[in-house]
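One letter stands for each residue in the lines below.
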Amino acid sequence: MKLLVLFLCLVSPLMSSAQKFTSLYNGKDLSGWKINGTEKWYVENGEIIGESGPDKGFGYLSTEKPYKNFILEMHFLFERGNSGVFFRSNIDGQIIDGWQVDVSEKFTGKIFESYGRGNLCLPSEKVSGMYKPNEWNYLRIYVNDDRVTTWLNGREMCDLQDKQIGAGEGYIALQVHHDGETKVRWKNIRIRELGK
């Protein structure tokens, strides 16, 4: 009995922490998300697919709810092209105002300001080989006030503090790049809001 009580004391904090994560994707359809632009967003085999359309422009799949401080986790698999995850962003058609965590073969985890200062943090050369081609990759993003930290497959890629990000507000959005060649798969998208 004492061993059972000890076990519950040890695991209950972990269980309560895990329970704070909620899924942003129901595995069936795009409920809770909004398509911005004319690029293709659809569900296939329980995965969200983002794919270039005939206009070959930027496309975004954004949450219907804004998020300020959070930990966001997901898996992605590239078939081709370039993508990203935006946070504290606002979208008007193909124009997005906010910040992006890059998702690409060379720069996953990079932090970029759209229509602003450009690259704010680049992963070092030491971590450039963390991306796994033709496999599912695990991306984790921590956003809390003015601090953003990104991880790829468990390795920290960028850690940034920035006043402009701290003042930002808006939505989370997945991106289809305007190269006309993008196709990326997403799954296991979940979030833990901080300060709640």
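Please read all numbers here as calculations on a predicted model, not as lab measurements.

> Can you explain the overall build of the protein chain? Please cite residues and give values.
Looking only at helices and strands, one finds two helices and 15 strands in the protein chain. Each of the 196 residues in the protein chain was classed as buried or not, and the buried ones make up 45%. Look at the contacts in the protein chain between residues 6 or more apart in sequence, and 65% of them connect residues 24 or more apart. Entry remark: accessible area of the protein chain is about 10,300 Å², with carbon and sulfur atoms responsible for 51%.

> Explain the pairing of strand S4 (residues 47-51) to me, using residue names and the numbers behind them.
The buried count for S4 comes to five of five residues, which makes it a mostly enclosed element. On S4, burial covers both faces: Glu47, Ile49 and Glu51 on one face and Ile48 and Gly50 on the other are all buried. Relative to S4, strand S3 (residues 40-44) runs antiparallel, the two sharing five bridges. Across the sheet, residue Trp41 finds its bridge partner in S4, namely Gly50. Hairpin connection of S3 to S4: two residues between the antiparallel strands, including Asn45 at a positive phi of 55 degrees. Bridging between S4 and strand S15 (residues 183-193) involves four bridges; their strand directions are antiparallel. Looking at S15, one finds that Glu51 is bridged to Lys183.

> Any chance you could break down the pattern of salt bridges for me, citing the residues and the numbers?
Counted by the stated rule, this structure contains eleven salt bridges. One salt bridge connects Glu193 with Lys65, and the closest N-O pair in it is separated by 2.9 Å. Within this pair, whereas Glu193 is found in strand S15, its partner Lys65 is found in the loop between strand S5 (59-63) and strand S6 (70-80), the two being separated by 128 residues in sequence. Overall, Glu193 belongs to the partly exposed group, its relative accessible area being 23%. With a closest N to O distance of 2.7 Å, Arg185 and Glu79 form a salt bridge. Highlighted residues: Arg185 in strand S15 and Glu79 in strand S6, separated in sequence by 106 residues. For Glu79, a relative accessible area of 40% corresponds to the partly exposed category.

> Residues and numbers for the packing of aromatic side chains, please.
Tallied over the entire structure, the rule returns six aromatic pairs. Centroid distance Phe76 to Trp186: 6.1 Å. Interplanar angle 50 degrees. Geometry classified as tilted. In this pair, Phe76 is assigned in strand S6 and Trp186 in strand S15, connecting sequence segments 110 residues apart. Exposure remark for Phe76: the relative accessible area of 0% places this residue in the buried category. The rings of Phe76, Phe78, Tyr131 and Trp186 are connected pair by pair, giving a single aromatic cluster. Lys187 extends its terminal NZ or CZ atom over the ring of Trp136, reaching a point 4.2 Å from the ring centre.

Here is what the cut-offs are and how they apply
Residues numbered from 1 in each chain as written. Predicted model: local features only at pLDDT ≥ 70, side-chain atom pairs only at ≥ 80, totals over all residues. Heavy atoms only, no water. Helix = DSSP H or I, 4+ residues; strand = E, 2+ residues; numbered from the N terminus. Buried < 20%, exposed > 50% of the residue type's maximum accessible area, 1.4 Å probe, protein only. Contact = heavy atoms within 4.5 Å. Areas by Shrake-Rupley, 256 points an atom, 1.4 Å probe, with all protein chains shown as cover. Pairing = 2+ DSSP bridges. Salt bridge = Lys/Arg side-chain N within 4 Å of Asp/Glu carboxyl O. Phe/Tyr/Trp six-rings, centres within 6.5 Å; stacked < 30°, edge-to-face > 60°. Lys NZ or Arg CZ within 6 Å of the ring centre and 35° of its normal.

Geometric values such as these leave the question of function open.
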